[in-house]
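Commentary on secondary and tertiary structure
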Amino acid sequence: AGNDIGPFLYIHDMTEKLLNALDSVLLGKRDSVELLVMALLADGHVLIEDVPGTGKTTLAKALAVAIGADFARIQFTPDLLPADVTGGAVFRMNTGDFEIRKGPVFTQILLADEINRASPRTQSSLLEAMEERQVSLEGERHALPKLFMVLATENPVEFHGVFPLPEAQMDRFLIRLSLGYPSTETELQILRSHREGKPLDTLAAVTTPEEILKARDAVRKVHVDESLERYVVSLVQATRENPAVRLAASPRAGINLIKMAQASAYIQGRDFVNPDDIQRVYSAVMEHRVFAKDGNASTVKNILESIRTQVKIPK
C-alpha cells in the first residue's frame, strides 16, 4: 500500500502530538490517554469510572482543548431533568411564542459528570444523542455536530445516592476506562506541576476537529484480515458459553473491538490490524458489557482473562 503511507505518516505525527499534549496534563497515564485517543478516532463514547480526584474532568477538558473543540460539562444530580441536557421550548413573553433553546448536549466534547447520580429518565435523554447523533425537541429533529463525543464519568457503585447505569446504556459506550491512583513518583510530579498553576491552563490546540474527522475516515479504511474478524467473533461468542455469565457480550461488542483495533493500528502508523491490537483494546471494550451471575466486577475480569488466554490467536 505504497500510496497510502503518506497520509498515515502524517496522521501518526498528528496523533503523537495529541498523545503528548494529553500526557503533559494527565501525568503517568499513557495507557489511558492512548485508549481515549483511539476512542476519539473510532468515533465512540467513553465511560470513565473512578473515585473523585483522579483526573477524570481534567482529561475531558484537556482533550477538548488539544483538538480545538467546543466543550460543555453537565454535572449530573438527582434533580437534573432531561430538558437540562437536551434543551426544550421556552415561552417568550415579548413575542408570545415558544422558542427552541438548545441544551448543553449541542457541543463537540461533552463531559457528563457523575452520570450515575441522575435519574434513569435523565440518563436516557443522553442515549438518543449518543446513538443517533441527534436530539428531538418539540417533535423536530436537530442534528448534533459531526464531531460529537460523550465522556461520562461515574462513581464506583459503593457510593451513596447513585443509580447504576442500565446494561443497555453501558453498551452504548465504546470503552470504559479506569484511571486509578498515580504511582509515588507520578504523584510527586503532579504536586510540583500544580505549584506553578494548572498544567491545563498552558495547554494549546495541536490539531483541529476537521483533522480528527479526516483521521476517522482513514481509521475506517485500516485493513482487517478475515482471520482476525473470526478471532473477534470467537472472543465475543466465548462470553455466551460461560456458565458464570449472566449477560454476555452483544454483537456490538465485536463491532467495537474491530473499530478500536483499527484505531490502535492507526496510532502506531500501520494500515492493517494485527492480533496485538485486538489484545490491547480487549479489556477496555469488553469489561462493561459482560455481567457475572454473582454481580462481581473481579469475576468479570477473571472470566474475560481466561477467554483471552483460551481463544486461539490467528498466526
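Note: the structure precedes this text.
My aim in this report is to walk through the structure given alongside it, one point at a time. (Residues numbered from 1 in each chain as written. Predicted model: local features only at pLDDT ≥ 70, side-chain atom pairs only at ≥ 80, totals over all residues. Heavy atoms only, no water.)

Check the secondary structure of the protein and you find 12 helices and 11 strands. When its C-alpha atoms are laid out on the principal axes, the protein stretches across 70 × 45 × 45 Å. Split into buried and exposed, the 315 residues of the protein put 51% on the buried side. Sequence separation of 24 or more characterises 77% of the internal contacts of the protein that already satisfy a separation of 6 or more. Put simply, the protein shows about 15400 Å² of open surface, and 52% of that area lies on carbon and sulfur atoms. Side-chain charges of the protein comprise 36 positive and 42 negative groups, with the mean position of each set lying 1 Å from the other. (Helix = DSSP H or I, 4+ residues; strand = E, 2+ residues; numbered from the N terminus. Buried < 20%, exposed > 50% of the residue type's maximum accessible area, 1.4 Å probe, protein only. Contact = heavy atoms within 4.5 Å. Areas by Shrake-Rupley, 256 points an atom, 1.4 Å probe, with all protein chains shown as cover. Lys, Arg positive; Asp, Glu negative; His and termini not counted. Charge placed at Lys NZ, Arg CZ, Asp CG, Glu CD.)

Looking now at unusual backbone geometry. Residues other than glycine predominantly adopt negative phi, and peptide bonds predominantly adopt the trans conformation. Of note, the phi angle at Asp43 is positive, near 60°, even though the residue is not glycine. Following the sequence through the fold, Asp43 ends up in the loop between α2 (30-41) and β1 (46-49). Residue Asp43 is classed as partly exposed on the basis of its relative accessible area of 21%. One non-glycine residue with positive phi stands out, namely Glu138, at about 50°. For Glu138, the position within the fold is in the loop between β6 (134-137) and β7 (140-143).

Next up on the list: the pairing of strand β5 (residues 109-113). Across the 5 residues that make up β5, a large majority, 5, are buried. Side chains Ile109, Leu111 and Asp113 of β5 all project onto a buried face; the interleaved residues Leu110 and Ala112 project onto the opposite face, where all are buried too. Looking at chain direction, strand β2 (residues 71-75) and β5 are connected through 5 bridges and run parallel. Its bridge partner lying in β5, Arg73 is registered against Leu111. Sheet topology note: the β5/strand β8 (residues 149-154) ladder contains 4 bridges and is parallel. Considered in β8, the bridge of Leu110 is made with Val150. (Pairing = 2+ DSSP bridges.)

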